[in-house]
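Each chain, letter by letter, is given below.
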Amino acid sequence: MKYEGIVYRPPSEAYSLIVQVTIGCSQNHCAFCSMYKNKTFRIRRIDEITADFMEARKMYPRVEKIFLADGDALICPMKHLETILDLIREEFPECRQVTCYASPKSILLKTPDELKRLKESGMSMVYMGLESGSEKVLNYMKKGADPKEMTEAAEKIHNAGIRLSVTAISGLGGRKWWKEHAVETGKVLSQMKPEYVGLLTLMVEEGVPLEQEIQNGNFQLMNPYDILIETKYSLQGTTQGNGLTGGLPPVRFSM
């Protein structure tokens, strides 16, 4: 297996076969994120990807879960993705789940028919980072998408029959926007109706753009007690209106 740089995956993919379909992230401008900063985004060639899968087939007698890395593998052209999914179906017939990261942009670029074809070819679930339901916070953090695009992307994924796991980040609004971040995040999560929600906590690593904002006094971090209060507001927001509990299967939260 040929891995380039640090490989990231969701916690639930701990025991999955991980194959890099892309190198880096197609967006890679988020002010809070240190992932993929040392990589130039590109889509790997099919022959490279095929070689990794065939090597894995020789190494592992049984592979039940496969995660297509790096960030935003869904941005790949349809022919590329369908070739990969066909290969998985042929060489790993025991595989019961194929997943990847997906950005709102990569989802919205695909037509409804294309997403349904991916589902039929074996794409089980995508992981999408909402991070915040506040447009102010998303703009400040240079996320590259607004709440409306997030909900539109989620609807397209649901309509295709693909499961959706969404992450939000506690503390991402700082002290200035904490309440708006909490309330709007709960509201947008309700609109997105994901099967899974991962509620992370902001950790500022050395070298990310947000670090400079903190040093300049433009962004103030929240303490653990404040994070708990914010989390309470977010969870309360998910139960209002057409919330996550409205006639849907139970949503799994991980924190």
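As recorded in an unreviewed UniProt entry, the protein goes by B12-binding domain-containing radical SAM protein and comes from Candidatus Anaerostipes avistercoris. As its UniProt record puts it under Cofactor (unreviewed entry), the protein is described as follows: "[4Fe-4S] cluster".

Draft legend 1. Examining the overall build of the protein more closely. If you tally the helices and strands in the protein, you get nine helices and nine strands. The C-alpha radius of gyration of the protein comes to 18 Å, within 12% of the 18 Å expected for a compact globule of 255 residues. C-alpha atoms of the protein, sized along the principal axes, occupy 50 × 45 × 30 Å. Computed over 32 positive and 32 negative side-chain charges, the inter-centroid distance for the protein is 2 Å.

Draft legend 2. Representation of the nonpolar core in the model. Counting residues in each nonpolar core, the largest one holds 44 residues, and the members touching the most others are Phe53, Ile66, Leu68, Leu74, Ile88, Phe92 and Met123. With six residues, the top contributor of residues to this core is helix H2 (residues 78–91). Leave out the neighbours within four places in its chain, and phenylalanine 53 touches Leu17, Val19, Ile66, Leu68, Ile84, Leu87, Ile88 and Phe92. Phe32, Cys33, Val137 and Ile169 belong to the second largest nonpolar core, which has 13 residues in total.

Draft legend 3. Region of the structure containing the pairing of strand E7 (residues 163–170). Among the eight residues in E7, six count as buried, and that is most of the element. Sheet analysis places strand E6 (residues 125–131) next to E7, joined by six bridges and oriented parallel. Within E7, the position partnered with methionine 125 by the bridge is arginine 163. Direction of pairing for E7 relative to strand E8 (residues 196–201): parallel, over a ladder of six bridges. Considered in E8, the bridge of valine 166 is made with valine 197. What joins E7 to E8 is helix H7 (residues 174–192), and the crossover it makes is right-handed.

Draft legend 4. Quick look at the packing of H2 against helix H4 (residues 112–121). Where H2 contacts H4, the two axes come as close as 9 Å, and the packing angle between them is 15 degrees. Judged on the interaxial angle alone, H4 and H2 are roughly parallel. Between H2 and H4 the crossing geometry is left-handed. On H4, the residues that touch Met78, Leu81, Glu82, Leu85, Asp86 and Arg89 of H2 are Glu114, Arg117, Leu118 and Ser121. Looking at side-chain class alone, the contact of H2 with H4 contains four nonpolar, one polar and five charged residues.

Draft legend 5. Spatial organisation of helix H6 (residues 147–159). In this model H6 runs 18 Å from its N-terminal to its C-terminal C-alpha over 13 residues, within 8% of the 18 Å that 1.5 Å per residue would give. Pro147, Met150, Thr151, Ala153, Ala154, Lys156 and Ile157 are the residues of H6 that are buried. Elements that come into contact with the buried residues of H6 comprise helix H3 (104–109), H4, E6, helix H5 (135–140), E7 and H7. Note on H6: the residue one or two positions beyond its end, glycine 161, has a positive phi of about 85 degrees.

Draft legend 6. Local environment of the packing of helix H1 (residues 46–59) against H2. For the pair H1 and H2, the least separation of the axes is 11 Å and the interaxial angle reads 15 degrees. With respect to H2, the axis of H1 lies roughly parallel. Crossing angle aside, the handedness with which H1 passes H2 is right-handed. Across the interface between the two elements, Ile46, Ile49, Thr50, Phe53, Met54 and Arg57 of H1 pack against His80, Thr83, Ile84, Leu87, Ile88 and Glu91 of H2.

Draft legend 7. The UniProt feature "domain: Radical SAM core" (unreviewed entry) in the protein, seen in detail. Sites flagged by UniProt as "domain: Radical SAM core" (unreviewed entry) map to residues 9–238. Regarding residues 9–238, the helix share stands at 45% and the strand share at 17%, and the terminal C-alpha atoms are separated by 26 Å.

Draft legend 8. The pattern of salt bridges, seen in detail. Under the criterion given, the structure shown has 17 salt bridges. The residue glutamate 48 makes a salt bridge to arginine 45 at a minimum N-O spacing of 3.5 Å. Here arginine 96 and glutamate 64 are joined by a salt bridge, their closest N and O atoms 3.1 Å apart. Within this pair, whereas arginine 96 is found in the loop between H2 and strand E5 (97–101), its partner glutamate 64 is found in the loop between H1 and strand E4 (65–69), the two being separated by 32 residues in sequence. The exposure class assigned to arginine 96 is exposed, which follows from its relative accessible area of 56%. Residue classification places glutamate 64 among the partly exposed residues on the basis of a relative accessible area of 30%. Among the ionic contacts, a cluster of salt bridges with common partners joins Arg44, Arg45, Asp47, Glu48 and Asp52.

Reading the values: rules and limits
Residues numbered from 1 in each chain as written. Predicted model: local features only at pLDDT ≥ 70, side-chain atom pairs only at ≥ 80, totals over all residues. Heavy atoms only, no water. UniProt positions renumbered as here; feature names shortened; annotations may be inferred. Helix = DSSP H or I, 4+ residues; strand = E, 2+ residues; numbered from the N terminus. Rg over C-alpha atoms; globule rule 2.2 N^0.38 Å. Lys, Arg positive; Asp, Glu negative; His and termini not counted. Charge placed at Lys NZ, Arg CZ, Asp CG, Glu CD. Core = buried A, V, L, I, M, F, W, Y, C linked by side-chain atoms within 4.5 Å. Buried < 20%, exposed > 50% of the residue type's maximum accessible area, 1.4 Å probe, protein only. Contact = heavy atoms within 4.5 Å. Pairing = 2+ DSSP bridges. Right-handed = clockwise from strand over helix to strand, strands pointing away. Axes fitted to C-alpha atoms, helices over the stretch in contact; angles between N-to-C directions. Parallel < 35°, antiparallel > 145°, perpendicular 65-115°, else oblique. Left-handed = near helix turned anticlockwise from the far one by under 90°. Nonpolar A, V, L, I, M, F, W, Y, C, P; charged D, E, K, R; others polar. Expected span 1.5 Å × (residues − 1). Salt bridge = Lys/Arg side-chain N within 4 Å of Asp/Glu carboxyl O.

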